[in-house]
Amino acid sequence: MDVAPGVNEALKDFVLPETLGFGAVNAPVMFSAEWRDQQWGRGRLLPYGPIEILPGARALQYAELVFEGLKAYCVGQTQPNLFRPEENFRRLERSAQRLSMPVVPEALFFEGVESVTKACAGFIPSRSGQSLYLRPFLFGTESGYLLRNSHTFRFMVIANPVEAYASGSPSVAIERRDVRAAVGGVGAAKTAANYAASLRGSTAAVTGGHAVALWLDAVSHRYIQELSGMNFFAIIDGELHTPELDTAILPGVTRDSLIKLARRLGYTVHERQMDVEELLAQIASGRCSEIFACGTAAIVMPISALADTDGGVFKPRETNVIASRLRDTLLAIQERRAPDAFGWIRVLS
Ligand SMILES: *Cc1c(COP(=O)(O)O)cnc(C)c1O
């Protein structure tokens, strides 16, 4: 790996602000590698800053872009650790394959993620819940309107020191009109296009005073998929239920971790098709006691209510009971305060 001029100065000059938010503060360095002539060039660590891209690049014109999100923790430790990063590597590989982009080799993925984490190790915020959020992404840089993949690509890793994502217990709006992803489309790939499809619903949800939209399947508009950037769980008769994965649902690392953790804690977990009308009836009758969402950023986000387009509000009788138990258990593993029984932690030396 090459280290560009200015990296050491950027690191030396960086001061961790008091207020971090989520994505408001940029780490002072970033990683970049380029694909051309059918091969990857050497990775480079660079000072964080603007990049040059052709206006006609396919990433901009056709959303030829896939990304990842993972966290490095350094809470009460001298060396930072990542959480299940090989899952993010494999998912980036699957996302790239779905868009027929060249895959980022495992060694290059880890060179990017680990070089940025190690460079930033001195200022990974260290209070519980805080972390360094890492955003690896791969995009097509060739300009042109011909409908095929680029011949040139760039893989980058940027990072942000972040707070615990404080969402409270918001309400979520059921999106009945727009569709985020269809079976056979790109819903299971972590790609910009899915977010484009969800922007109108997400913005309408926020405007209506809710945190985010809940998406239904593209064919019958009945089966719950997920939130715009988080997977969905409900507690029904004391058991966990989550939509089963199809090619329209993003397979979250947090979703998978919670399923494994909940089973170990003794809960029964069902992955199945979840009919939204049935769930609303179960909330109304009290059989569904609690709902929550999950993802790397928030880990677990309790949901206080589901708001329907006709003005109906469905409020489970509890909020953040099982959700907080699962969140605390998972965060303790992520921050190495609890034993790593599943082999999920990768310490960077
Ligand atoms: C990233 C993402 C998630 C959550 O995945 P994690 O691996 O748990 O962070 C859920 N849904 C969508 C659409 C996503 O992009």
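Conventions and cut-offs
- Here, residues in each chain are numbered from 1, in the same order as that chain's written sequence.
- Side-chain atom pairs in this predicted model are given and counted only at pLDDT of 80 or more, local residue features only at pLDDT of at least 70, and totals for whole chains, interfaces and linings cover all residues.
- With hydrogens and water set aside, each side-chain value is computed from the structure's full complement of heavy atoms.
- Throughout, near means a residue has at least one heavy atom within 4 Å of the molecule or strand.
- By the criterion applied in these results, polar contacts are pairs of N or O atoms within 3.5 Å in which, for protein atoms, one can donate a hydrogen and the other can accept it, and in which residues neighboring in sequence qualify only through two side-chain atoms.
- For the accessible areas, the method is Shrake-Rupley and the probe is 1.4 Å, while residue cover comes only from the protein chains on display.
- Here a cavity denotes a set of grid points, spaced 1 Å apart and computed over the protein atoms alone, in which a 1.4 Å probe fits but from which it cannot get out, and a pocket denotes an open set meeting protein on both sides within 12 Å along at least five of seven lines; residues with an atom within 4 Å of a point are reported as lining.
- Criterion for pocket placement: a molecule counts as inside a cavity or pocket if more than half of its atoms are within 2 Å of its grid points.
- Lys, Arg, Asp and Glu make up the charged group, whereas Ala, Val, Leu, Ile, Met, Phe, Trp, Tyr, Cys and Pro make up the nonpolar group; the residues left over, Gly among them, are polar.
- Here the rule is simple: two strands pair whenever DSSP picks up at least two bridges between them.
- Put simply, DSSP marks the helices as runs of H or I at least four residues long and the strands as runs of E at least two long, and each gets a number from the N terminus on.
- Any two residues whose heavy atoms approach within 4.5 Å are treated as being in contact.
- Under this scheme, a helix contributes an axis fitted over its contacting stretch, all axes are lines through C-alpha atoms, and angles between N-to-C directions fall in the 0 to 180 degree range.
- Comment on the angle field: the value is read as roughly parallel under 35 degrees, roughly antiparallel over 145, roughly perpendicular from 65 to 115, and oblique elsewhere.
- Domain boundaries shown here were taken from an automatic or database domain assignment.
- The buried area of a pairing is the accessible area, by a 1.4 Å probe, that goes missing from both parts when the two are put together, added over both.
- In what follows, salt bridge is the name for a side-chain nitrogen of Lys or Arg lying within 4 Å of a carboxyl oxygen of Asp or Glu.
- Grid points are joined across faces, edges and corners, and a volume is the space filled by probe spheres set on the points.
- Three labels apply to residues, based on accessible area from a 1.4 Å probe with only protein chains included: buried if under 20% of the type maximum, exposed if over 50%, partly exposed otherwise in between.

(A) Spotlight on the site of the ligand. Taken together, 15 residues lie around the ligand, and Lys190, Tyr195, Glu226, Thr254 and Thr296 are the ones closest in. A distance of 2.6 Å is found between an oxygen atom of the ligand and a side-chain nitrogen or oxygen belonging to Thr254. In this structure, Thr296 approaches the ligand through a side-chain N or O atom, which is 2.6 Å from an oxygen atom. Burial of the ligand by the protein chains amounts to 96% of its free accessible area of 380 Å². When each cavity is represented as a set of grid points, the ligand is found to reside in the largest pocket. Considered class by class, the residues forming the shell around the ligand number four nonpolar, seven polar and four charged.

(B) Inspection of the sheet that holds strand 19 (residues 313-314) at higher detail. The five strands lie next to each other as 12-11-10-18-19, forming an open sheet whose pairing is mixed. Strand pairing shows two members of the sheet lacking a second neighbour, strand 12 (224-227) and strand 19, which therefore form its edges. Sheet topology note: the strand 10 (residues 171-174)/strand 18 (residues 305-307) ladder contains three bridges and is parallel. Opposite Ala173, over in strand 18, you have Ala307 as the bridge partner. In the packing of helix 5 (residues 192-207) onto the sheet, contacts are made with strand 10 and strand 11 (212-216), and the angle to strand 11 comes to roughly 130°. Contacting strand 10, strand 11, strand 12, strand 18 and strand 19, helix 7 (residues 276-285) crosses the sheet at an angle of about 130° to strand 18.

(C) Molecular detail of the packing of helix 6 (residues 253-264) against helix 8 (residues 322-334). At a minimum axis distance of 11 Å, the contact between helix 6 and helix 8 shows a crossing angle of 105°. By the angle between their axes, helix 6 is roughly perpendicular relative to helix 8. Listed contacts from helix 8 to Thr254, Ser257, Leu258, Leu261 and Ala262 of helix 6 are Leu326, Thr329, Leu330 and Ile333. Here the contact of helix 6 with helix 8 is built from residues that sort into six nonpolar, three polar and no charged.

(D) Expanded view of the domain arrangement of the protein chain. Per the domain assignment, the segments making up the protein chain are domain 1 (2-162) and domain 2 (171-334). The centre of domain 1, based on its C-alpha atoms, is set 27 Å off from the matching centre of domain 2. The interface is formed by 23 residues belonging to domain 1 together with 22 residues belonging to domain 2. Together domain 1 and domain 2 conceal approximately 1800 Å² of surface at their shared face, both sides included; 60% is due to carbon and sulfur atoms. The largest per-residue losses of area from domain 1 upon contact with domain 2 belong to Phe67, Phe83 and Arg91, which jointly make up 32% of the total buried on that side. Counting across the domain 1 and domain 2 interface gives one salt bridge.

(E) Main features of empty space enclosed by the protein. Applying the stated criterion to the full structure yields two cavities of 30 Å³ or more. Of the pockets and cavities examined, the largest cavity occupies roughly 100 Å³. Surrounding the largest cavity, Gly69, Leu70, Lys71, Tyr73, Phe83, Asn88, Val253, Thr254, Gly295, Thr296, Ile299 and Gln334 form its lining. Elements with a contribution of two residues or more to the lining of the largest cavity: strand 6 (70-73) and helix 6. Examining the composition of the lining of the largest cavity, we find that three residues originate from one element, strand 6, more than from any other.

(F) Expanded view of the side chain of Glu68. Note that Glu68 resides in the loop between strand 5 (65-67) and strand 6. Of the residues examined, Glu68 reaches a relative accessible area of 0% and is grouped as buried. Once residues within four sequence positions are removed from consideration, Glu68 is found in contact with Asn88, Arg91, Leu92, Tyr133, Leu134, Arg135, Pro136 and Lys190.

(G) Geometry of the layout of surface pockets. Roughly 710 Å³ of internal volume is contained in the largest pocket. Along the walls of the largest pocket sit 34 residues, with Lys190, Tyr195, Gly229, Met230 and Ala297 positioned nearest its centre. When contributions to the lining of the largest pocket are tallied by element, the ones reaching two or more residues are strand 8 (131-140), helix 5, helix 6 and strand 16 (288-295). When residues in the lining of the largest pocket are grouped by element, the largest group, four residues, is from helix 5. Here the residues of the lining of the largest pocket sort into 16 nonpolar, 13 polar and five charged. Three or more residues apiece are contributed to the lining of the largest pocket by two domains, here domain 1 (2-162) and domain 2 (171-334). Quantified by volume, the second largest pocket comes out at close to 200 Å³. In this structure, the second largest pocket is lined by 16 residues; those nearest its centre are Val183, Asp217, Tyr223, Asp246 and Gln273. Residue classes in the lining of the second largest pocket are distributed as 10 nonpolar, two polar and four charged.

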